[in-house]
Amino acid sequence: MSELQGLRDDVYRRPLATALSRLGLSEGWCCVDVGAGGGDVSVALAEMVGQDGRIYAVDSDPRARDEVAHAAAAHAQVIALTQAGEDLILPEQVDLAFCRFLLMHVQDPAVVVRRMAKVVKPGSWVVVQEPITSAGRIDGIPMSMPGAQHPDIGALTPALLRDAGLIISDAWAEAPASVGPGPVAEYLESLTGVDPGDDPVVLPPLVTVIGRRPPQ
C-alpha cells in the first residue's frame, strides 16, 4: 500500500468504521470490495467477517489489489478478481458491496453502482464512500483535484444509489480537519506536494451512502 493510501485510510478511518458498525456487519458475511487496491477496506471487512466469511477483492490493478488481499487473507477467506467496476460480475450474490474513493476515478459511476446493486442479495447492502473535493479548504481556499474524472461525485452518490433501484437507509458526510503538523497535514502534502504549515486544513468531506436492495 502506498504512503498516500495509508495516510488516506488513517485520516478517513472513522467514516469506514461508522458505516460498518451501522450495517451490523458480523461473522460469516460475504462481501465484495470494489476497487480494493485503493486502501484497507478489504482488511476491515475481513477482520469483521472472520474465517467463516468471504471477501471478494476486485480491482483492475492486480498488483495493488493483491497487496490488500494478502493482508485480508489473515482474517477471512479472500478471492482476488481482476475486473473494472463497470464489468463487475461475481460467481455468487453477496451480503455487502462496498466501494471507497473509486467512483471519482471511473468513466461512468452510474454503471458501477448498478453493477454493485446487482451482485448483492435481495435485502442486502451497497455502501459507497466518495468525496466532494472542492468542499475541502486550505486556509479557507477551495481545494481541487484535476486528475480525477469526477472530483465532486460525493455530492451525487445518494441519487446514484436511488437510480440503481436501492432504498437509501442512511447517508452522511464527514471531513477531517486540523491546524499544524499531524496526519491531516501529512495526507494533504502527500496528495498535493504542498506543506500547509500552520494554515488550517479541512479535507474534502467523505459522503457515505448506505443503500439496500429491496427484498423480493
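Above this note sits the structure.
The notes below deal with the structure included here.

What about the nonpolar core?
As a rule of thumb, soluble globular proteins bury nonpolar side chains together.
Move 1: Judged by nonpolar contacts, the single largest core of 40 residues is most densely connected at Val32, Leu90, Leu103 and Met116.
Move 2: Secondary-structure elements contributing two or more residues to this core are strand 1 (30-34), strand 2 (54-59), strand 4 (94-100), helix 5 (109-119), strand 5 (120-131), helix 6 (157-163), helix 7 (183-192) and strand 11 (206-212).
Move 3: With five residues, the single largest contributor to this core is helix 5.
Move 4: Ignoring anything within four residues of it in the chain, the contact list for Leu90 reads Val32, Tyr56, Val58, Leu81 and Val119.
Move 5: Grouped together as the second largest cluster of nonpolar side chains are 23 residues, Val41, Val49, Ala72 and Leu96 included.

What to know about the pairing of strand 1
Move 1: The buried count for strand 1 comes to five of five residues, which makes it a mostly enclosed element.
Move 2: Side chains Cys30, Val32 and Val34 of strand 1 all project onto a buried face; the interleaved residues Cys31 and Asp33 project onto the opposite face, where all are buried too.
Move 3: Of the pairings in the sheet, the one linking strand 1 to strand 2 comprises five bridges and is parallel in character. Bridging across to strand 2, Asp33 finds its partner in Ala57.
Move 4: A crossover connection joins strand 1 to the parallel strand 2 through helix 3 (residues 41-49); in handedness this β-α-β unit is right-handed.

Conventions adopted
Residues numbered from 1 in each chain as written. Predicted model: local features only at pLDDT ≥ 70, side-chain atom pairs only at ≥ 80, totals over all residues. Heavy atoms only, no water. Core = buried A, V, L, I, M, F, W, Y, C linked by side-chain atoms within 4.5 Å. Buried < 20%, exposed > 50% of the residue type's maximum accessible area, 1.4 Å probe, protein only. Helix = DSSP H or I, 4+ residues; strand = E, 2+ residues; numbered from the N terminus. Contact = heavy atoms within 4.5 Å. Pairing = 2+ DSSP bridges. Right-handed = clockwise from strand over helix to strand, strands pointing away.

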